[in-house]
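The chain contents come next:
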Amino acid sequence: MGVPSPYSLLCRLKARMSDFLTEMSEASLARAHDTRQRAGRAGLASQMDSAPPPIPLRLSDQGFDVIAEAKLASPSEGRLTDGDADRVVELAGEYQAGGAAAISVLTEEIAFAGHLSHLEAAAAAVEVPVMRKDFLVDPIQVSEARAVGASGVLLIARILPGALLQEMTDLALSLGMFVLVEVFDRSDLETAVPVFDRELLVGVNCRDLASLDVDRSRFASLAPHLPDHLPAVAESGVTEPEHAAEVVDAGYSLALVGSTLARSHRPGQRLAEILGVGRLAWEVATS
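What comes next is a walk through the structure. On a predicted model such as this, the values are computed, not experimentally measured, just so you know. (Residues numbered from 1 in each chain as written. Predicted model: local features only at pLDDT ≥ 70, side-chain atom pairs only at ≥ 80, totals over all residues. Heavy atoms only, no water.)

### What to know about the pairing of strand β5 (residues 130–133)
Then step 1. A two-sided burial pattern is seen for β5, the buried positions comprising Val130 and Arg132 on one face and Met131 and Lys133 on the other.
Then step 2. Relative to β5, strand β4 (residues 102–106) runs parallel, the two being bridged by four bridges. Across the sheet, serine 104 pairs through a bridge with methionine 131, a residue of β5.
Then step 3. Following the backbone out of β4, through helix α5 (residues 116–125) and into the adjacent parallel β5, one traces a crossover that is right-handed.
Then step 4. Judged from the two bridges that link them, β5 and strand β6 (residues 152–156) form a sheet pairing that is parallel. Residue arginine 132 lies in a different strand from β6, and its bridge partner there is valine 153. (Buried < 20%, exposed > 50% of the residue type's maximum accessible area, 1.4 Å probe, protein only. Helix = DSSP H or I, 4+ residues; strand = E, 2+ residues; numbered from the N terminus. Pairing = 2+ DSSP bridges. Right-handed = clockwise from strand over helix to strand, strands pointing away.)

Next comes the structure, spelled out in structure tokens:
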């Protein structure tokens, strides 16, 4: 029967999705359609051939790493920082200097003021891997990310069930990219089980997509159910250095940190502080 279309899967999934996630997914689906009409698979294949090779994600032997997020706005906090692509590049440079293992760049345009050009500019400006963060719903968006220099992609299990999640994961890995699969609850984890035999990252997002509130207790409650052979990423709730220690104690080896860095006057220093506390916590826990 083949893989169902992203549109048919999206229609089936709406019962489990918040209004926010539905809106983001539908807008993403429209952008994917535009990409297919404008560039097509053949055009993207040519662009991928010309793009610099992906940069491997290398995790530290100090037990804790940060994926630092360059974004201009968020739906929960509004505008975080002034500027456009130049500001994203500036943030990316600060994050690299602060010790980020990777840099996440928002390409979602409605709620996050992102754009694909921000990803392309950041990837060209730094020497650490850059990940596309968006509400990706179509394999062509993985190819699109690679074509502009991305070395990784975020895939949300709740909007990419079953065969489509596997197809997009396998495509990204075949292109030499790293994959962060994001879950919110036990049901999402069950959806993602078929890809847990791949080499990837599994992230727990502690933000409630209906209220947009953060509940850091979700990290500890879901930690025992995560695949123990894959690096676990704490997403959305790490805003203070002490939060890094909390997630390390819960078993996470990375955190994805965004708003608190983007609105900081010294984002690289702020990142280094979070990184240092997390690594100290790991050292204490393993000594």
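There's plenty left to go through after this.
### Quick look at α5
Then step 1. For α5, every residue scored as buried is listed here: Leu116, His118, Leu119, Ala122 and Ala123. The arc that holds every buried residue of α5, seen down its axis, measures 155°, which confines them to one face. (Arc of directions from axis to C-beta.)

### Re the sheet that holds β6
Then step 1. If you walk around this closed barrel you meet the eight strands as β1-β4-β5-β6-β7-β8-β9-β10, and the pairing is parallel. Across the sheet, the mean angle separating the axes of adjacent strands is 25° when strand polarity is ignored.
Then step 2. Sitting on the sheet, α5 is in contact with β4 and β5, with an inclination near 170° to β5. (Axes fitted to C-alpha atoms, helices over the stretch in contact; angles between N-to-C directions. Contact = heavy atoms within 4.5 Å.)

### As for the layout of surface pockets
Then step 1. As a volume, the largest pocket reaches approximately 470 Å³.
Then step 2. Lining the largest pocket are 34 residues, and of these Glu69, Lys71, Lys133, Arg207 and Ser236 lie nearest its centre.
Then step 3. Among the secondary structure elements, those contributing two or more residues to the lining of the largest pocket are α2 (19–38), β6, β10 (254–257) and α11 (259–262).
Then step 4. Grouping the amino acids of the lining of the largest pocket by side-chain chemistry returns 15 nonpolar, nine polar and 10 charged.
Then step 5. Counted as a void, the second largest pocket has a volume near 260 Å³.
Then step 6. Across the lining of the second largest pocket, the residue classes break down as 12 nonpolar, one polar and one charged. (1 Å grid on protein atoms, 1.4 Å probe; cavity = no way out; pocket = protein on both sides within 12 Å on 5 of 7 lines; lining within 4 Å. Points joined across faces, edges and corners; volume = space filled by probe spheres on them. Nonpolar A, V, L, I, M, F, W, Y, C, P; charged D, E, K, R; others polar.)

### What to know about unusual backbone geometry
Then step 1. If you check the backbone angles, alanine 113 has positive phi at about 55° while not being a glycine.
Then step 2. Following the sequence through the fold, alanine 113 ends up in the loop between β4 and α5.
Then step 3. Residue class for alanine 113 comes out partly exposed when judged on its relative accessible area of 24%.
Then step 4. For serine 236, which is not a glycine, the phi torsion comes out positive at approximately 85°.
Then step 5. Counting through the fold element by element, serine 236 comes out in the loop between β9 (232–235) and α10 (241–250).

### Some remarks on the pairing of β9
Then step 1. In β9, alternate side chains face the same way, and those of Ala232 and Ala234 on one face and Val233 and Glu235 on the other are all buried.
Then step 2. Note that strand β8 (residues 201–205) and β9 share four bridges and pair parallel. Bridged to valine 202 within β9 is alanine 232.
Then step 3. Handedness of the β8-helix α9 (residues 217–222)-β9 crossover: right-handed.
Then step 4. In this sheet, β10 lies alongside β9 in parallel orientation, the contact comprising three bridges. Note that in β10 the partner of valine 233 across the bridge is leucine 254.
Then step 5. Crossover β9 to β10 through α10 is right-handed.

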